[in-house]
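Remarks on the overall topology
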Amino acid sequence: MFQNNPLLAQLKQQIEASKEYVEGRVKTSDKAYGFLECEKESFFIPPAEMKKVMHGDTVKAVVKREGDKASVEIDSLIEPMLDRFIAQVRYNKDNKLQLLVDHPSIKAPMPANTHKKVTETLENGDWVVAQLRTHPLRDDRFFFAQVTQFICKESDHFAPWWVTLARHEQPREPVATEKHYALNDELERQDLTDLYFTTIDSASTQDMDDALYISPIEENGVQTGWRLVVAIADPTAYIPENSQIEKAARQRCFTNYLPGFNIPMLPRELSDDLCSLVANEKRPALVGFIETDLEGNIVKQAEFVSAWVESKAKLVYDNVSDYLEGVENAWQPENAQVKQQIDWLHQFTQARINWRKNNALVFKEQGDYSFELNEDGSVRDIHIEYRRIANQIVEESMIIANICAAQFLDANAQTGVFNTHAGFDPKNYEAVKTFLLNTLTNENTDEATLATLNERYSSERLATLDGYCEMQRDVRDFPENFLELRLRRYLTFAEFKAEVAPHFGLGISHYATWTSPIRKYGDMVNHRIIKQILQGKSVNPVETSILERLQEARKQNRMVERDVADWLYARYLFPMVEQAVEFECEIADVSRGGIRARVLENGASIFVPYSTLHDNKDEMDYRSEEIALYIKGEKAYQIGQAVKVKLTEVRLETRSIVGNIVQ
């Protein structure tokens, strides 16, 4: 009787039209209920509705309002939190396979089975990759998953590495080697083995991809500048473009450097042997000849040649730095030629550092943290390493070489893999201007100065390389870290592009790396283009797919490094909880949830919960524009501020480190 009833259909439409729909992300709580976080409002999710969803699911829901209270009824799934995920195996009391999802907010075990391709016998604690197969909002009755890959045993000392690599779908093995490698040269190689090239690296480095030679330029017996010769390993001479090694390198894009070991982009036979610029061995190389005046200005376009080179000595960063810094009983150069090269490179580097300070950007030295591991993968110690003068010699030589390569590619091919950075995100220009004016001026600033600064920090000016560099130099010597750290939040991300564009972060108009082809696929691409130019061949634009993969792989590698470090920090600090160790820290972030503090001596990140900072949350005010927390109207904590933090808890299962501020 009611079938095809137009009145009933109209009623249904009216009821549907009266419903209030929202879309948001599910957030669990420690209880059975949860919350739907929407763009402008948060809604209560009752326990019965929470059974349909998982933390992180993006869903559509119907709002139910009763007075000033609002809850939601889940309508449909937009995007699940889980698809492919990492988990640990657990068998329940009935010996049914379950998975414990490796996520701090997903605590309920999930029933699962095993794909037939997984041949290992799974045991409690094993690490696996799984795929979500069913979801209650997909007309299924419950959550269910399938194990698709075995990673390692819980007892494996290197589980942090293997689990993290699996999470980010990164290989853990080197590229398969070939039976033999043939040198395929289309360019005639110049013999430069008589030049006194040297390498400067860490003592343990085997994949040496750059060697340097320098000599003064003289006119009428007076030095007028420097001729720097940069020799770069030439793996493309051994790797055909369509070979399996090339395809693997294009997928990996980078050598993955992790605590304790690296996973090379190329087979080790190439990266550590045939292509590595090993001392006293003749090696094929792509070589750039660069000329500057005494102030470090590039005076002519660089020349590139295909050549044979021979490094005469493998020098070590710390040894060279000790020698140049006059450390007592320091290492000394083995002969007069090595001494001459080091001294000249030092003079050249000082000129280039001054050039960059005046014409580009040089940022404050922060230091890098490195893990010293025992054989079982446990952390023996964590060291902070600063770039000393020998590191700066290599760094400045590579920077100028990459500038010259970008200029050469742009002038001769109008394409390449260019490293670019656009500075501030355009939508942030006005916020940057307001922030700078508020920070650098006060009520005593005169109108003329205000007018000058308004023009200096205008959107139009900040959008130019010169304007951006000028602004950064203004804040470079600001006594507090806060200014620089706050400005970072307004920046856009660095990008790979097929055409030249400025790199605002370096303060340089042209930048394209070619100095690490053993370790970076983009550098291999630039090598091939430089060779094509030298052969007089036409050059095709770099494919967008290559740039996209480089971007994706760089992000993946950084996440792998961060995740492994988080795991190792948790293991390292766990025994210190009982002693309630206190650390000198710098506030790295302030949010509505709490403070993130970076330990100065080892780089660990400690979270200080909001609730521990003051006993009355109504008296606390988080100000995002300042990245600061005010208590009773007074600024109490701000990014960049020095604080002392006491370690209170380390949760190994979630790799989270918690502490309290020591007042």
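- Naming follows an unreviewed UniProt entry, where the chain appears as Exoribonuclease 2 of Actinobacillus porcitonsillarum.
- As recorded by UniProt, the Subcellular location (unreviewed entry) comment attached to the chain reads in full: "Cytoplasm".
- In its Function (unreviewed entry) section, UniProt records this for the chain: "Involved in mRNA degradation. Hydrolyzes single-stranded polyribonucleotides processively in the 3' to 5' direction."

**Regarding the nonpolar core**
- With 79 residues, the main nonpolar core has F197, L228, V230, V287 and Y521 as its most contacted residues.
- A total of 12 residues in this core trace back to one element, the largest contributor, which is helix α8 (residues 389-412).
- If near-sequence neighbours (up to four positions away) are discounted, V230 is found in contact with A211, L212, L286, V287, G288, I290, S397, M398, A401 and W514.
- Judged by nonpolar contacts, the second largest core, of 73 residues, contains V432, V475, I627 and L647.

**As for empty space enclosed by the protein**
- What the rule picks out here adds up to 2 cavities of 30 Å³ or more.
- One number sums up the size of the largest cavity: a volume of about 110 Å³.
- L361, V362, F363, K364, Q472, V475, R476, F478, E480, L483 and E484 together form the lining of the largest cavity.
- For the lining of the largest cavity, the elements supplying multiple residues, two or more each, are α12 (465-476) and α13 (482-488).
- Considering every element that reaches the lining of the largest cavity, the biggest residue donor is α12, with 3 residues.
- Partitioned by chemical class, the residues of the lining of the largest cavity number 6 nonpolar, 1 polar and 4 charged.
- Lining the lining of the largest cavity are residues from two domains, each supplying at least three of them: domain 3 (190-418 + 512-563) and domain 4 (422-492).
- In terms of lining, the second largest cavity is formed by Q170, P171, R252, F254, N256, I263 and P264.
- Its residues placed into classes, the lining of the second largest cavity shows 4 nonpolar, 2 polar and 1 charged.

Conventions adopted
Residues numbered from 1 in each chain as written. Predicted model: local features only at pLDDT ≥ 70, side-chain atom pairs only at ≥ 80, totals over all residues. Heavy atoms only, no water. UniProt positions renumbered as here; feature names shortened; annotations may be inferred. Core = buried A, V, L, I, M, F, W, Y, C linked by side-chain atoms within 4.5 Å. Buried < 20%, exposed > 50% of the residue type's maximum accessible area, 1.4 Å probe, protein only. Helix = DSSP H or I, 4+ residues; strand = E, 2+ residues; numbered from the N terminus. Contact = heavy atoms within 4.5 Å. 1 Å grid on protein atoms, 1.4 Å probe; cavity = no way out; pocket = protein on both sides within 12 Å on 5 of 7 lines; lining within 4 Å. Points joined across faces, edges and corners; volume = space filled by probe spheres on them. Nonpolar A, V, L, I, M, F, W, Y, C, P; charged D, E, K, R; others polar. Domains from an automatic or database assignment.

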